[in-house]
Amino acid sequence: MEFRYLGNSGFKISEIIYGNWLTHASQVDNDTATKCIHAALDAGISSFDTADAYANTAAEVVLGDALKGQRRESLEIFTKVYWPTGPKGKNDTGLSRKHIMESIDGSLSRLGTDYVDLYQAHRFDYETPIEETMQAFADIVRAGKALYIGVSEWNADQLRAGHKLAKELGFQLISNQPQYNMLWRVIEQEVVPTSQELGISQIVFSPIAQGVLTGKYVPGQPLPEGSRATDDKGGKDMIARWMRDDILTAVQGLKPIADELGITQAQLAVAWVLQNPNVAGAIVGASRPEQIASNAAASGIKLDASVLGRIDELLGGVAETDPTLTQSPATRVA
């Protein structure tokens, strides 16, 4: 496993990060989830990403329980705040001071730790002044409840405003967590250049596009049993955007490239996002422990310019690049 600095800081994370979105406490049972986390540790992964909203706080509990007994200083634990939690009342969502200060304490309790290494704004909150949000984060850092602050899916203007306020308040905004993969490249035109200027790294999710980039979905053939595309608990809805014949046909063209390199298509997809110098880590999930070692093996793979060019040519017609698609909800959902 290789490690990278996160943003303009001295903080290192594993370039493969284990995340429990969509799976823990929802799609897979707790015993399997625990085995996946232990497999991640065995593969050299030291960074773990979750959020209070995942399975309405239950995913944090699963992660915290699975990490008990590990040396805390050897781990990097990330969580997030914004989406509705609990009974989803009027103040159980967003980035108000009230919700942030209550949420960090809830997350720490569920995770079984005194602090998180990275606390992230899960989206931008248009209903709360950004000054209020960043002041709350500053107070959390000063209280020692979070060591670093990041955000998720903020656009370039929001990153610039947040970075400025953080600097004025005496802490660093060091990361952004966007969706990024061969098929979803919307951060490249604006978010990445702005982040490089400001000293902010990307921690990317969905590097294999919900499994589509593995090549297991073939146009005109039945969906594999037990795959995310057949899961009615949420996976099916999340993957629907990629299930077009033109996308699936183009993705099949990745197999010869992966074969030539002696790697799987999933490893090719994860390695591809890690070629971007602004990406510090790629979040991978799993529904089975054996998936972890394979994904983790993407760490350290280098793709030369000719390979990257072939991928661009193959997927250029189906990849989404519109920077305006980096969005947060216009209003809170609860």
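Coordinates for the structure precede this section.
Right, let's walk through the structure included here.

Criteria and thresholds
- Residue numbering note: each chain is counted from 1, following its sequence as written.
- The model is predicted, so local features are restricted to residues of pLDDT at least 70 and side-chain atom pairs to those at 80 or more, both for listing and for counting; the totals for chains, interfaces and linings are taken over all residues.
- Where side-chain values are given, they derive from all heavy atoms of the structure, hydrogens and water being excluded.
- Strands are runs of DSSP state E lasting at least two residues, helices are runs of H or I lasting at least four, and both sets are numbered from the N terminus onward.
- Using C-alpha atoms as the atom set, the radius of gyration is obtained and then compared with a globule rule of 2.2 Å times the number of residues to the power 0.38.
- Remark: exposure states derive from per-residue accessible area (1.4 Å probe, protein chains only) relative to the maximum for the residue type, with buried under 20%, exposed over 50%, and partly exposed in between.
- Throughout this description, the term nonpolar core refers to a set of buried Ala, Val, Leu, Ile, Met, Phe, Trp, Tyr and Cys residues connected via side-chain atoms within 4.5 Å.
- Throughout, a residue-residue contact means that at least one pair of heavy atoms, one from each residue, lies within 4.5 Å.
- Two strands are said to pair when DSSP picks up at least two bridges between them.
- Here the term right-handed applies to a crossover when the path leading from its first strand over the helix to its second strand runs clockwise, the strands being oriented away from the viewer.
- Classification of ring pairs uses Phe, Tyr and Trp, with its six-membered ring standing for Trp, and accepts pairs whose centres are within 6.5 Å; under 30 degrees between planes counts as stacked, over 60 as edge-to-face, and the remaining range as tilted.
- Over a ring means this: the NZ of a Lys or the CZ of an Arg is within 6 Å of the ring centre and within 35 degrees of the ring normal.

### Here we look at the overall build of the chain
A count of helical and extended segments in the chain gives twelve helices and ten strands. Computed over the C-alpha atoms, the radius of gyration of the chain is 19 Å, within 12% of the 20 Å expected from 2.2 N^0.38 for a compact globule of 334 residues. Projected onto its principal axes, the C-alpha coordinates of the chain cover approximately 50 × 40 × 35 Å. Relative to its 334 residues, the chain shows a buried fraction of 56%.

### Here's the deal with the nonpolar core
Residues Phe-48, Tyr-119, Leu-183 and Val-212 are the most contacted members of the largest nonpolar core, which totals 88 residues. A per-element tally of this core places helix α10 (residues 265-274) first, with eight residues. The residues contacting Tyr-119, other than those within four sequence positions of it, are Thr-79, Lys-80, Val-81, Ile-100, Ser-103, Ile-104, Phe-137, Ile-140, Ala-146, Tyr-148, Ile-149 and Gly-150. Ranked by size, the runner-up nonpolar core spans eleven residues in total, among them Phe-11, Ile-17, Leu-118 and Ile-283.

### Points about the pairing of strand β5 (residues 76-81)
Of all six residues in β5, six are buried, a share of seventy percent or more. Going residue by residue along β5, you find Glu-76, Phe-78 and Lys-80 tucked away on one face and Ile-77, Thr-79 and Val-81 tucked away on the opposite face as well. Bridge count between strand β4 (residues 47-49) and β5: three bridges; the pairing is parallel. Bridge pairing in β5 links Phe-48 to Ile-77. Taken together, β4, helix α2 (residues 58-66) and β5 constitute a β-α-β crossover, and its handedness is right-handed. Crossover β5 to strand β6 (residues 116-121) through helix α3 (residues 97-111) is right-handed.

### Regarding the side chain of Asn-276
With respect to the helices and strands, the residue Asn-276 is situated in the loop between α10 and β10 (279-284). In this structure Asn-276 comes out as buried when scored by relative accessible area, which is 13%. The contact partners of Asn-276, leaving out residues within four places of it in the chain, are Arg-4, Tyr-180 and Val-192.

### Points about the packing of aromatic side chains
Within this structure, the stated rule accounts for nine aromatic pairs. Their ring planes at 75 degrees and their centres at 5.8 Å tell us that Trp-21 and Phe-205 sit as a pair that is edge-to-face. Separated by 184 residues along the polypeptide, Trp-21 in the loop between β3 (16-19) and α1 (30-42) and Phe-205 in the loop between β9 (201-204) and α7 (235-239) bring together distant segments of the chain. Judged by centre distance (5.0 Å) and plane angle (70 degrees), the rings of Phe-124 and Tyr-126 are edge-to-face. Here the aromatic residues Phe-124, Tyr-126 and Trp-154 are joined through ring pairs into a cluster of three or more. Sitting over the face of the ring of Tyr-115, Arg-72 holds its NZ or CZ atom 4.0 Å from the ring centroid. One Lys or Arg, Arg-241, reaches over the ring of Trp-184 and ends 5.1 Å from the middle of that ring.

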